[in-house]
Amino acid sequence: MSEIRTRIAPSPTGDPHVGTAYIALFNRCFAHQQSGKFVLRIEDTDQARSSAQSEQDIFAALRWLGLDWDEGPDKGGDFGPYRQSERSSIYSNHIKTLLDNGSAFHCFCSAERLQQVRTEQMANKQQLGYDGHCLRLPAEEVQSKLAAGEENVIRMKIPDSGDCVFTDKLRGEVRISWEQIDMQVLIKSDGLPTYHFANVVDDHLMAITHVIRGEEWINSVPKHVLLYQYFDWDPPVFCHMPLLRNPDKSKLSKRKNPTSIGYYRAMGYLPEAVVNYLGMMGWSMPSGEEKFSLNEMTNEFDLSRVSLGGPIFDIEKLDWLNGKYIREDLDDAEFANQFASWAFQAEKLAAIIPLIKQRVERFSDVVNLAQFFISADVKISTESFEHKSLSVNSNLKILQFALWRLETVSDWNREEIESALQDLANKLELKIRDFLFPLFVAVTGNAVSISVIESIAILGIDITRARLRQAITVLGGISKKAAKNLEKEYRQLG
Ligand code: GLU
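Residues numbered from 1 in each chain as written. Predicted model: local features only at pLDDT ≥ 70, side-chain atom pairs only at ≥ 80, totals over all residues. Heavy atoms only, no water.

Undergrad: Give me the lowdown on the packing of aromatic side chains, citing residues and values where you can.
TA: Counted according to the given criterion, the structure contains 20 aromatic pairs. Ring centres of phenylalanine 105 and tyrosine 130 lie 6.3 Å apart, and the angle between their planes is 25 degrees; this geometry places the pair in the stacked category. Here phenylalanine 105 is found in strand β3 (residues 104-107), whereas its partner tyrosine 130 is found in the loop between α4 (111-123) and α5 (139-147), with 25 residues between them in sequence. A relative accessible area of 7% places phenylalanine 105 in the buried class. With a relative accessible area of 9%, tyrosine 130 lands in the buried category. Between phenylalanine 401 and tyrosine 490, the aromatic rings sit 5.1 Å apart at their centres with planes inclined by 65 degrees, giving edge-to-face as the arrangement. With phenylalanine 401 in helix α15 (residues 392-406) and tyrosine 490 in helix α19 (residues 480-493), this pair connects stretches of sequence that are 89 residues apart. Exposure class is identical for phenylalanine 401 and tyrosine 490. Each is buried. Every member of this aromatic cluster is reached through a ring pair, and the members are Tyr22, Phe26, Trp283, Phe292 and Phe301. (Phe/Tyr/Trp six-rings, centres within 6.5 Å; stacked < 30°, edge-to-face > 60°. Helix = DSSP H or I, 4+ residues; strand = E, 2+ residues; numbered from the N terminus. Buried < 20%, exposed > 50% of the residue type's maximum accessible area, 1.4 Å probe, protein only.)

Structure representation (structure tokens):
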């Protein structure tokens, strides 16, 4: 049998997500258990949303967890380039094959026409999707439109009846009716491929034998198997892992649970414990032992031990496991070492010192002033938010709006954070001092402290988000109805 090859294919469009690490872990274990290769491919075809910073953060987060890869953009390998933005010519060559064999076609429909089709389909309660208009254009007309340089996309043809039947390694036979499948755009009007096209071409050219990914992609498989058929390629084995869930069973989301790997690092979890915990999501060791290392999991790995019930990502359980690692695996000297390198990272200290130096008279004053930089949360109560002109509701509103606004800051630095918050204060017609009051309390635990903006910049979005959410909870929380109204008001601010 040929070599087993798996991949993780993140899009570098945001914070490295625990879901990415979870899928990476299973791909890595599966490949390495069989002496195969685990590949990292960066899917950055969405140029507007992709960033080099996010790519670096993904590398760092996976490395921190010990989930390193055998081939990838930074490592090379025989199947590169491993970044989709560097593979444009490969996609343009491959789309020609599909245009030539008649399985793809140019579509010249305007956004307005597509919207009109959609509105009609909605009114008639029909399946939404492209209506095949350009599929019926005479060949000469297509040629003359192309010669005239008319803007177009390239779509794939889809059978108009019957079912797509494929096998998912964990679920067995899956049947999806072709009527539910849209004539997917493969190449956008800017000439760049969509996820579906680039993903299939790359999985084939990178000789991926097993596609192990999240359940949310299962409905895309019909498009993918059809593309393999159009190219006359053998499809890989598909295996869709159950989605991680919040304790209330909803899909894991950052509104309910911290989802960024950076959060767990900043909070002082041990990477071994986080990986172990992710391994417990839908999988168990044959011995039933809950504590296991990446190597142990790799040696024992078997996809047939994956269970499909939605695994719950429960921080309390992770805390328990992390505590167990700390007690059982770190002797006192190692604890001291690891704690010191976590708490006193040179870069973080270099940012904090200039802020506190002016305010201390003895080193022993430092902890009081700077403890909020290293403690998990801050000690606050409703009273902490008492203010001469801000009611509880105004405090809540500022905290929630600030959270939403900070989540849109793409370059996380002092200037960007300041201008985002200043802009919000102006729009709310609040004095910056009053506006910053609840943020001071939420982030630093004190109404007067060192610069809250600098502090937010140093703490990072993950911890800041957690603190703002803690403060919202302390103030009694925001009901669903109130959240809806706030969202509306926030949108109107522009
Ligand atoms: N780029 C996709 C993602 O961000 C990859 C999905 C897949 O594994 O096919 O998850």
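Undergrad: Can you lay out the site of the ligand for me, pointing to particular residues and giving the numbers?
TA: Taken together, Arg7, Ala9, Ser11, Glu43, Tyr195, Asn199, Arg213 and Trp217 make up the full set of residues near the ligand. Between the ligand and alanine 9 there is a distance of 2.8 Å, counted from a nitrogen atom to a backbone nitrogen or oxygen. The separation between a nitrogen atom of the ligand and a polar side-chain atom of glutamate 43 is 2.6 Å. Burial of the ligand by the surrounding chains reaches 82%, relative to a free accessible area of 300 Å². Within the shell around the ligand, the residues separate by chemical class into 3 nonpolar, 2 polar and 3 charged. (Near = heavy atom within 4 Å. Polar contact = N/O pair within 3.5 Å; in protein donor to acceptor, adjacent residues only side chain to side chain. Areas by Shrake-Rupley, 256 points an atom, 1.4 Å probe, with all protein chains shown as cover. Nonpolar A, V, L, I, M, F, W, Y, C, P; charged D, E, K, R; others polar.)

Undergrad: For the sheet that holds β3, give the residues involved together with the corresponding values.
TA: Strand order in this open sheet of 3 strands is β3-β4-β7, and the pairing throughout is antiparallel. Each edge of the open sheet carries a strand with a single partner, namely β3 and β7 (185-187). On average, each strand axis in the sheet is tilted by 45 degrees relative to the strand beside it, whichever way the strands run. Pairing of β3 with strand β4 (residues 153-156) involves 4 bridges; the strand directions are antiparallel. The residue bridging cysteine 107 from the neighbouring strand is valine 153, located in β4. Packing against the sheet, helix α3 (residues 88-100) makes contact with β3, β4 and β7, and its axis sits at approximately 100 degrees to β3. (Pairing = 2+ DSSP bridges. Axes fitted to C-alpha atoms, helices over the stretch in contact; angles between N-to-C directions. Contact = heavy atoms within 4.5 Å.)

Undergrad: Could you give me a rundown of the packing of helix α16 (residues 414-427) against helix α18 (residues 452-474), with the residues and numbers involved?
TA: It is the contact of α16 with α18, at a shortest axis distance of 9 Å, that shows an interaxial angle of 125 degrees. As far as their axial angle goes, α18 and α16 are oblique. Considering the relative orientation of α16 and α18, their crossing is right-handed. Contacts between α16 and α18 involve Arg414, Ile417, Glu418 and Leu421 from the former and Ile453, Glu454, Ile456 and Ala457 from the latter. (Parallel < 35°, antiparallel > 145°, perpendicular 65-115°, else oblique. Left-handed = near helix turned anticlockwise from the far one by under 90°.)

Undergrad: So, a nonpolar patch on the surface: which residues are in play, and what are the values?
TA: A contiguous nonpolar patch, built from Phe335, Phe339, Phe344, Leu349, Ile353 and Ile374 and spanning about 500 Å² of accessible area, is present on the exposed surface. Residue assignment for the nonpolar patch shows that the elements contributing at least two residues are α12 (332-343) and α13 (346-356). Position of isoleucine 353 among the secondary structure elements: in helix α13. For isoleucine 353, a relative accessible area of 38% corresponds to the partly exposed category. (Patch = residues over 30% accessible without salt bridge, like charges linked within 9 Å, V, L, I, M, F, W, Y side chains within 5 Å. Salt bridge = Lys/Arg side-chain N within 4 Å of Asp/Glu carboxyl O.)

Undergrad: Please give an account of the nonpolar core that cites residues and values.
TA: With 102 residues, the main nonpolar core has Phe313 and Leu421 as its most contacted residues. Non-local contacts of leucine 421, meaning those with residues more than four positions away in its chain, are made with Ala402, Leu406, Ile432, Phe435, Leu436, Leu439, Ile453 and Ile456. Counting 45 residues, the second-largest nonpolar core is a separate cluster that includes Cys109, Tyr130, Val142 and Ile181. (Core = buried A, V, L, I, M, F, W, Y, C linked by side-chain atoms within 4.5 Å.)

Undergrad: Any chance you could break down the state of the cysteines for me, citing the residues and the numbers?
TA: This structure, assessed with the given rule, holds 0 disulfides. With no disulfide of its own, cysteine 164 lies 17 Å from the sulfur of cysteine 239, the closest cysteine sulfur. Free cysteine cysteine 239: the closest other cysteine sulfur is in cysteine 29, separated by 13 Å. Classification of cysteine 239 as buried rests on a relative accessible area of 1%. (Disulfide = S-S within 2.5 Å.)

Undergrad: Describe the pattern of salt bridges, listing the residues and the values that go with them.
TA: Counting across every chain of the model gives 31 salt bridges. Measuring nitrogen to oxygen at the nearest pair gives 2.5 Å for the salt bridge that ties glutamate 489 to lysine 397. Highlighted residues: glutamate 489 in helix α19 and lysine 397 in helix α15, separated in sequence by 92 residues. Using a relative accessible area of 31% as the deciding quantity, one classes glutamate 489 as partly exposed. Residue classification places lysine 397 among the partly exposed positions, given a relative accessible area of 25%. Via salt bridges that share partners, Arg7, Arg41, Glu43, Arg87, Asp202 and Asp203 belong to a single interconnected network.

Undergrad: Can you tell me about the side chain of serine 260, naming the residues and giving the values?
TA: Locating serine 260 in the fold gives a position in the loop between β9 (237-241) and α8 (261-266). Among the polar contacts listed, one links the side chain of serine 260 to the side chain of aspartate 462, at a separation of 3.1 Å. The residues contacting serine 260, other than those within four sequence positions of it, are Asp15, Pro16 and Asp462.

Undergrad: Explain the pairing of β4 to me, and be specific about the residues and the numbers.
TA: The alternating pattern of β4 places Val153 and Arg155 on one face and Ile154 and Met156 on the opposite face, and all of these are buried. Relative to β7, β4 is paired through 2 bridges, and the arrangement is antiparallel. The residue bridging arginine 155 from the neighbouring strand is valine 185, located in β7.

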